[in-house]
Amino acid sequence: MYERLYDETEQAKVRFVGFISEHGRYDFGIVYTNMFFGKPLVVCMQTGRSSLLAQDDIENLEYLQKLYNLRSIEEAEEVSIFFRNSLPALTLEMEAESS
């Protein structure tokens, strides 16, 4: 037996982005959805690791390094900069819902 928590269907916007820097190559799938308080689901296409990311997650370099199995803090900084410029900030309404 199980208790269903949710079962939603929606049309989601998906973006696939690949970029290269002096530290490495990065390939991400980003799923923008109305679920999860507006946090996008970010999937590393190289490792298969995924997470819902909020702005505070993007600023935490050690978290990004561990989450996406990056080799260095420099790589985490590059990925952080990309996410800061690519992912939407949560609105105050969304933040209030998640508290």
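What counts and what doesn't
- Residues numbered from 1 in each chain as written.
- Predicted model: local features only at pLDDT ≥ 70, side-chain atom pairs only at ≥ 80, totals over all residues.
- Heavy atoms only, no water.
- Helix = DSSP H or I, 4+ residues; strand = E, 2+ residues; numbered from the N terminus.
- Buried < 20%, exposed > 50% of the residue type's maximum accessible area, 1.4 Å probe, protein only.
- Contact = heavy atoms within 4.5 Å.
- Areas by Shrake-Rupley, 256 points an atom, 1.4 Å probe, with all protein chains shown as cover.
- Core = buried A, V, L, I, M, F, W, Y, C linked by side-chain atoms within 4.5 Å.
- Expected span 1.5 Å × (residues − 1).
- Salt bridge = Lys/Arg side-chain N within 4 Å of Asp/Glu carboxyl O.
- Phe/Tyr/Trp six-rings, centres within 6.5 Å; stacked < 30°, edge-to-face > 60°.
- Lys NZ or Arg CZ within 6 Å of the ring centre and 35° of its normal.

Draft legend 1. Region of the structure containing the overall build of the chain. Tallying secondary structure elements over the chain gives 4 helices and 4 strands in all. For the chain, the sequential pattern of α-helices and β-strands runs β-β-β-β-α-α-α-α. Burial analysis of the chain (99 residues in total) assigns 35% to the buried set. Considering only residue pairs separated by 6 or more positions, the chain has 36% of its internal contacts joining residues 24 or more positions apart. By element, 51% of the accessible surface of the chain is carried by carbon and sulfur atoms, the whole surface being about 6,900 Å².

Draft legend 2. Local environment of the nonpolar core. Phe28, Val42, Leu53, Tyr68, Phe83 and Leu87 are the most contacted members of the largest nonpolar core, which has 20 residues in total. Of all elements in the fold, only strand 1 (13-20), strand 2 (25-32), strand 3 (41-44), helix 2 (61-67) and helix 3 (73-86) reach the threshold of two or more residues within this core.

Draft legend 3. Helix 3, seen in detail. The end-to-end C-alpha distance of helix 3 is 20 Å, a good match for the 20 Å that 14 residues give at a rise of 1.5 Å each. Here helix 3 has its buried residues at Glu75, Ala76, Glu78, Val79, Ser80, Phe82, Phe83 and Ser86. Its buried side turned inward, helix 3 meets strand 1, strand 2, strand 3, helix 1 (55-59) and helix 2.

Draft legend 4. Fine view of the pattern of salt bridges. Overall, the coordinates contain 5 salt bridges when judged by the stated rule. Across the pair Glu75 and Arg71 runs a salt bridge whose closest N-O atoms are separated by 3.5 Å. For the salt bridge of Glu77 with Arg84, the shortest nitrogen-to-oxygen distance reads 3.4 Å. Look at Glu77 and you get partly exposed, because its relative accessible area is 29%. Overall, the relative accessible area of 34% leaves Arg84 in the partly exposed class. Each of Glu59, Glu77 and Arg84 takes part in a single network of salt bridges with overlapping partners.

Draft legend 5. Local environment of the packing of aromatic side chains. Following the criterion strictly, the structure yields 8 aromatic pairs and no others. Between Tyr68 and Phe83 the ring centres are 6.2 Å apart and the planes differ by 55 degrees, which places this aromatic pair in the tilted class. Of this pair, Tyr68 sits in the loop between helix 2 and helix 3 while Phe83 sits in helix 3; the two residues are 15 residues apart in sequence, bridging distant segments of the chain. The pair formed by Tyr68 and Phe83 is uniform in burial state, with each residue classed as buried. By way of ring pairs, the aromatic residues Phe19, Tyr26, Phe28, Tyr68, Phe82 and Phe83 are connected into one cluster. Here the basic side chain of Lys13 rests over the ring of Tyr32, its NZ or CZ set 5.5 Å away from the ring centre.

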